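Residues per chain are reported as follows:
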Amino acid sequence: MHPVRKKRIIAISSIVVILGLALALVMYALQQNINLFYSPTQIVNGEAPKDVMLRAGGMVVEGSVKRDNETLSVSFEVTDFTETVRIEYKGILPDLFREGQGIVAQGKLNANGTMIASEVLAKHDEEYMSPEIAEALKQSELNSTSSNTSY
Amino acid sequence: MAFDSFSDFLQMGRHGFYVWSTYGISGVILFAIAWQSWQQKKQVKRQLAKRFIREQEK
Amino acid sequence: MSWTWFHKLGSPKWFFQFASRWSLGVFLSGVVLLLIGLVWGLAFAPEDYQQGNSFRIIYIHVPAAILAQSCYLGLGVAGFVFLVWQMKMAPIFIKSVAPLGALVALIALVSGAIWGKPTWGTWWVWDARLTSVLVLFLLYMGVIAIQNSLEDKILADKAVAVIGVVGLINLPIIKYSVEWWNTLHQPATFKLTEKPAMPMEMWLPLLISSLGLYLFIAGLAMLRMQTEVLNRERRSSWVKEEVLKNGI
């Protein structure tokens, strides 16, 4: 290859590599700010600041949702399967909010580690299926658990 | 067909507004860029042709 | 290995004739595939068990997002080729594709926002995926702004080539943002190594509409490049013949 072109390739590649490295370092340093939310483990371990607006994310624990019918208040627990955090919220929940669903809540942590949320967003995974298949899956799960308990 | 009737299709459950506004906006954008690309080529050709003819007449 | 194709691609005249033969066919087959994919996805694919029919937004959202990234990959590679080999066709490609990329990125952002409202509960959130796609859109806008504002065309070509190459860094950030950080956005629908996490009657129309949008944009890119070739090569005799051949 022509030496001038070789020089150009080396120059361009090194610029891109250096900029890429610089950006990677910046993003590494800002990791906590780029993360949209804290996991329950991080909150329980005290990595999340108290009394500051922040987001917490996790899966709504089955059977943990308590609604107050008169005031629209709702309280539930989210988990990352290691730790759980209780969240209290007053307002309208998104369509996809249900037990077993991933959610992200924005709010402040109080002194006993409960989050008082001002906004609750539903997180969705990349799995899509038709209602019929979902129903069939649920049935087969029920069947397998009932056959397990019959032992 | 995933819908029982045409009005069901338009309603999309409770999501008609979201689905149809998305496709409406996307359709307008795609149509506009296609039309603009086509017109631009025609226009440039016409301009160049005029100029070449003028040069020939000189 | 033969390099003739590389040199041919670098010749504006050869490209113009190639595109004259192919651009319309590619564009029209894109339109047909896109329509098949969208009608299939909108009317015949089953609804999602959780999201219901708002899920159907995926049939334009995912193709637009794929195209927005593919166009930028092409733009960055063209920038590299121009900076190293000074190939004439490279800046023509960049200038023609940037507006197309900007618009598909816009479609991805807008359709995502409209989809996010009923699904997540918000139009927009500053998570890593959404923000990095917004940066992609702004990179396209930067390329367009430079091409339109700099009087010195040679300088403009060089400047956008540099932006193109440097902006390539954003592509892996978009791709891996959903894995490196906690985001509201879900992981990728199509992965090269795994089967998609949806049944065939859902992903087949998505594949078709993605392919359709690819061809749609490719056809338009060829058309716009032809325009740019005519503009830049106006002093060569073949352009004169080409323009006068068809009458006015």
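Throughout, residues of each chain are indexed from 1 in the direction in which the sequence is written. All chains are assigned letters beginning at A, and all ligands numbers beginning at 1, according to the order in which they are written. Per-residue local features are limited, in this predicted model, to residues with pLDDT of at least 70; the limit for side-chain atom pairs, both in listing and counting, is 80 or more; totals at the level of whole chains, interfaces and linings are taken over all residues. Note that the side-chain values use all heavy atoms of the structure and ignore hydrogens as well as water.

## Some words on the overall build of chain B
Regarding its fold elements, chain B presents two helices and zero strands. The globule rule is 2.2 Å times the number of residues to the power 0.38, and the radius of gyration it is compared with is taken over C-alpha atoms. Taken over C-alpha atoms, the radius of gyration comes to 22 Å for chain B, far larger than the 10 Å a tight globule of 58 residues would show. Its C-alpha atoms give chain B principal-axis dimensions of roughly 70 × 20 × 10 Å. Exposure classes here rest on a 1.4 Å probe applied to the protein chains alone. A residue is buried below 20% of its type maximum, exposed above 50%, and partly exposed in between. Taken across its 58 residues, chain B has 34% of its residues classed as buried. Note on areas: Shrake-Rupley, 1.4 Å probe, and residue coverage restricted to the protein chains presented here. Summing over all exposed atoms, chain B offers an accessible surface of approximately 3,900 Å²; the carbon and sulfur share of this is 58%. A residue counts as positive if it is Lys or Arg and as negative if it is Asp or Glu; His and the chain ends are not included. Charged side chains are reduced to one point each, which is NZ for Lys, CZ for Arg, CG for Asp and CD for Glu. Placing the 9 positive and 4 negative side-chain charges of chain B at their respective mean positions leaves the two points 16 Å apart. Segments assigned H or I by DSSP are reported as helices when at least four residues long, segments assigned E as strands when at least two residues long, and all are numbered from the N terminus.

## A short note on the overall build of chain C
Helix and strand content of chain C: nine helices and zero strands. Its helices and strands in sequence order give chain C the pattern α-α-α-α-α-α-α-α-α, from N to C terminus. For chain C, the spread of C-alpha atoms along the three principal axes comes to 60 × 40 × 35 Å. Expressed as a percentage of its 248 residues, the buried residues of chain C come to 56%. Of the roughly 10,600 Å² that chain C leaves accessible, carbon and sulfur atoms contribute 69%. Across chain C, the centroid of the 19 positively charged side chains sits 8 Å from that of the 13 negatively charged ones.

## Considerations on the UniProt feature "domain: Cytochrome c assembly protein" (unreviewed entry) in chain C
UniProt positions are given in the numbering used here, feature names are shortened, and annotations may be inferred rather than shown by experiment. UniProt feature "domain: Cytochrome c assembly protein" (unreviewed entry): in the numbering of this structure it lies at residues 5-185 of chain C. Structurally, residues 5-185 of chain C comprises 80% helix and 0% strand, and the distance from its first C-alpha atom to its last is 41 Å.

## With respect to the packing of aromatic side chains
All names here are of chain B. To pair, rings of Phe, Tyr and Trp, with the six-membered ring standing in for Trp, must have centres within 6.5 Å; the planes then decide the type, stacked if under 30 degrees apart, edge-to-face if over 60, and tilted in the middle. Tallied over the entire structure, the rule returns 17 aromatic pairs over all chains. Seen in terms of ring centroids, Phe-3 and Phe-9 are 5.4 Å apart; in terms of plane orientation they differ by 65°. Their pairing is edge-to-face. Here the two residues Phe-3 and Phe-9 agree in accessibility, since each one is buried. Consider the rings of Phe-9 and Trp-20, whose centres lie 5.3 Å apart with planes at 80°: the pair is edge-to-face. Here Trp-20 lies in helix α2 (residues 16-57) and Phe-9 lies in helix α1 (residues 6-11), a separation of eleven residues in the sequence. In this structure Phe-9 comes out as buried when scored by relative accessible area, which is 11%. Overall, Trp-20 belongs to the partly exposed group, its relative accessible area being 29%. Put simply, the rings of Phe-3, Phe-6, Phe-9 and Trp-20 touch in pairs and so form one group of aromatic residues.

## Comments concerning a positive patch on the surface
Residues enter patches when their relative accessible area tops 30% and they take part in no salt bridge; the joining distance is 9 Å for like charges and 5 Å for the nonpolar side chains Val, Leu, Ile, Met, Phe, Trp and Tyr. In the sections that follow, a salt bridge refers to a side-chain nitrogen of Lys or Arg positioned within 4 Å of a carboxyl oxygen of Asp or Glu. On the surface, Lys42(B), Arg46(B), Lys50(B), Arg51(B), Arg54(B), Lys58(B) and Arg235(C) cluster together into a positively charged patch. Structurally, the position occupied by Arg235(C) is in the loop between α8 (200-232) and α9 (237-245). For Arg235(C), a relative accessible area of 75% gives the class exposed.

## Structural notes on empty space enclosed by the protein
Each cavity reported here is a set of points on a 1 Å grid over the protein atoms alone in which a 1.4 Å probe fits but cannot get out, each pocket an open set with protein on both sides within 12 Å along at least five of seven lines, and each lining residue one with an atom within 4 Å of a point. Grid points are joined across faces, edges and corners, and a volume is the space filled by probe spheres set on the points. The full count for this structure, using the stated rule, is one cavity of 30 Å³ or more. Together, Glu126(A), Ala188(C), Thr189(C), Lys191(C), Glu194(C), Lys195(C), Pro196(C) and Ala197(C) line the largest cavity. Throughout this entry, Asp, Glu, Lys and Arg are counted as charged residues, while Ala, Val, Leu, Ile, Met, Phe, Trp, Tyr, Cys and Pro are counted as nonpolar. The remaining residues, Gly among them, count as polar. Class assignment of the residues belonging to the lining of the largest cavity gives a composition of three nonpolar, one polar and four charged.

## Focus on the pattern of salt bridges
One pass over the structure, following the stated rule, counts six salt bridges over all chains. Arg86(A) is the partner of Glu77(A) in a salt bridge, and the nearest nitrogen-oxygen pair spans 3.4 Å. By sharing partners, the salt bridges in this structure join Lys95(C), Asp157(C), Glu228(C) and Arg232(C) into a single network.

## Here's the deal with the interface of chain C and chain A
Contact with chain C, which involves 41 residues of that partner, is made by 38 residues of chain A. Here the quantity called buried area is the total loss of accessible area, with a 1.4 Å probe, experienced by two parts when brought into contact, counted for both. Summing the contributions of chain C and of chain A, the shared interface buries around 3,500 Å²; its carbon and sulfur component is 64%. When the buried surface of chain C facing chain A is broken down by residue, Tyr49(C), Gln50(C) and Asn182(C) rank first, second and third, together holding 19% of it. Throughout this description, a polar contact denotes any pair of N or O atoms lying within 3.5 Å of each other; where both atoms belong to protein, one of them has to be capable of donating a hydrogen while the other can accept it, and for residues adjacent in sequence the pair is counted only when both atoms sit in side chains. Between the two partners, chain C and chain A, sit eleven residue pairs in polar contact (both at pLDDT 80 or more). Looking at the side of chain C that touches chain A, the elements with two or more residues in it are α3 (58-85), α4 (89-119), α6 (153-167) and α7 (170-180) of chain C. Broken down by element, the residue count for the side of chain C that touches chain A peaks at five residues, all from α3(C). Contacts: residue pairs with any heavy atoms within 4.5 Å of one another.

## So, the pairing of strand β6 (residues 115-122) of chain A
Residues and elements named next belong to chain A. Being paired, for any two strands, means DSSP has found at least two bridges between them. Taken together, the three bridges between strand β4 (residues 84-90) and β6 define a ladder with parallel strand orientation. Within β6, the position partnered with Glu-88 by the bridge is Ile-116. Relative to β6, strand β5 (residues 102-109) is paired through seven bridges, and the arrangement is antiparallel. In the strand pairing of β6, Gly-107 is matched with Ala-117.

## Examining the environment of Ile87(A)
All names here are of chain A. In this fold, Ile-87 is placed in strand β4. Residue class for Ile-87 comes out buried when judged on its relative accessible area of 0%. Contact partners of Ile-87, with chain neighbours within four places excluded, come to Val-74, Ser-75, Phe-76, Val-78, Ile-103, Ala-105, Met-115 and Ala-117.

## Structural notes on the UniProt feature "transmembrane region" (unreviewed entry) in chain C
UniProt feature "transmembrane region" (unreviewed entry): in the numbering of this structure it lies at residues 21-45, 57-85, 97-116, 128-147, 159-178 and 202-223 of chain C. Split by type, residues 202-223 of chain C is 100% helix and 0% strand. Its first and last C-alpha atoms lie 32 Å apart.

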